[in-house]
Amino acid sequence: MFRYTLRVTLLVLISLTSACNDPPQPLTVYAGKGLKYALDEIARDFESEQGVHVEVIYAGSHTLYDVIRTTKRGDVFIPGSTHYLDKAGNLIASREFVAWHVPTFAATESSTSYLKDYHDLLKPGVRIAVGNERMAAIGRVGRAMLDSQKSDESFEPNIVVSASTVSELLQLLQRGEVDAALVWKDMLQWPASEGLREVKIPDAINKPKEISVAVLSTTQNPVYAKRFSEYVATYGRDVFIRHGFVR
């Protein structure tokens, strides 16, 4: 009996020791496409410090919200606007503020002669691209701006195309298919924005959005999901600011 008890005890201890040595379970993070450059850096540093792999899935915020709602899987959600966290309800276990997402217009250098400020965007013949409001946070921002404007102060008549992601908006500009696109200010620092310039939106009509990081209630790794969330909200704030996320 003694030998049997000793054998069971040893097996339990070996099992516990083995479990403690197992690498942490990877984290699945859903993030808005426009956060990629800052978040790639943050995730890389977190992996180095904590020894846990962070798999970041980038897409339009609404698309990611639908994936989370449908699959009930994932650890962390960082959309381009807190609207999607509010909408997620009990899928959100906790959330923390990270940075500001500021809308602006990006324009081609070839349009310099006729697009000098925001009001030039309202002139007939200017071709504007916006985000799809059902797929990307920048699309919802564009719709909110348009809904708050008087008809004679609106750029809506000049919208010629909507895109599902912010990356597509830059591609439309670079291909010369549009003269200007409503994007996030930080995107002007992206390599894909080379040769583009900013046409600022007046403060009176602009709609900056808060970026927050949320731990999902669906997480299977709550300890590291919480650590990553706190890391993004502390160390990550300076990274976001350095990447242009400022008001």
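This one's a predicted model, so the numbers in the text were calculated from it and none came from an experiment.

**Q** I'd like a rundown of the environment of glycine 74, residues and numbers included.
**A** Mapped onto the elements of the fold, glycine 74 is located in the loop between α3 (61-71) and β3 (76-78). Taking C-alpha positions, glycine 74 is 28 Å from lysine 185, a pair spaced 111 residues apart along the chain. In contact with glycine 74, not counting residues within four places along its chain, are Thr28, Tyr30, Leu216, Thr218 and Thr219.

**Q** Please give an account of the pattern of salt bridges that cites residues and values.
**A** Side-chain pairs of opposite charge can arise whenever the charged atoms involved come near each other. Summed over all chains, the structure comprises 10 salt bridges. Among the salt bridges present, the one from glutamate 41 reaches arginine 242, with a minimum N-O distance of 2.8 Å. In this pair, glutamate 41 sits in helix α2 (residues 36-50) while arginine 242 sits in helix α8 (residues 235-242), placing the two residues 201 residues apart along the sequence. Of the charged contacts, one joins aspartate 179 and arginine 127 as a salt bridge, the two residues approaching to 3.1 Å between their closest N and O atoms. You can see aspartate 179 sitting in the loop between α6 (166-174) and β8 (180-184) and its partner arginine 127 sitting in the loop between β5 (103-108) and β6 (128-131), a full 52 residues away along the chain. One connected set of salt bridges, linked through shared partners, spans Glu133, Arg143, Asp147 and Glu156.

**Q** Can you lay out the sheet that holds strand β9 (residues 196-199) for me, pointing to particular residues and giving the numbers?
**A** Taken in spatial order, the five strands line up as β7-β6-β8-β5-β9 in an open sheet, and their pairing is mixed. If you trace the sheet from one side to the other, it starts and ends with β7 (159-163) and β9, each paired once. For this sheet, the mean angle separating the axes of adjacent strands, direction not counted, is 35 degrees. Two strands pair when backbone bridges link them, and β6 and β7 are joined in this way by four bridges, in the parallel orientation. When the bridges of β7 are listed, isoleucine 128 appears paired with isoleucine 159. On the sheet, helix α5 (residues 137-147) packs against β5, β6, β7 and β8 and is oriented at approximately 115 degrees with respect to β8. Across the sheet, α6 is in contact with β5, β6, β7, β8 and β9; its angle to β8 comes to roughly 150 degrees.

**Q** Describe in detail empty space enclosed by the protein, supporting the description with residues and values.
**A** Inspection of every chain in the model, using the stated rule, returns one cavity of 30 Å³ or more. Put simply, the largest cavity is a space of about 90 Å³. Lining of the largest cavity is provided by 16 residues; of these, Lys33, Gly34, Ala137, Val166 and Trp184 occupy positions nearest its centre. Across the lining of the largest cavity, the residue classes tally to seven nonpolar, eight polar and one charged.

Definitions and limits used
Residues numbered from 1 in each chain as written. Predicted model: local features only at pLDDT ≥ 70, side-chain atom pairs only at ≥ 80, totals over all residues. Heavy atoms only, no water. Helix = DSSP H or I, 4+ residues; strand = E, 2+ residues; numbered from the N terminus. Contact = heavy atoms within 4.5 Å. Salt bridge = Lys/Arg side-chain N within 4 Å of Asp/Glu carboxyl O. Pairing = 2+ DSSP bridges. Axes fitted to C-alpha atoms, helices over the stretch in contact; angles between N-to-C directions. 1 Å grid on protein atoms, 1.4 Å probe; cavity = no way out; pocket = protein on both sides within 12 Å on 5 of 7 lines; lining within 4 Å. Points joined across faces, edges and corners; volume = space filled by probe spheres on them. Nonpolar A, V, L, I, M, F, W, Y, C, P; charged D, E, K, R; others polar.

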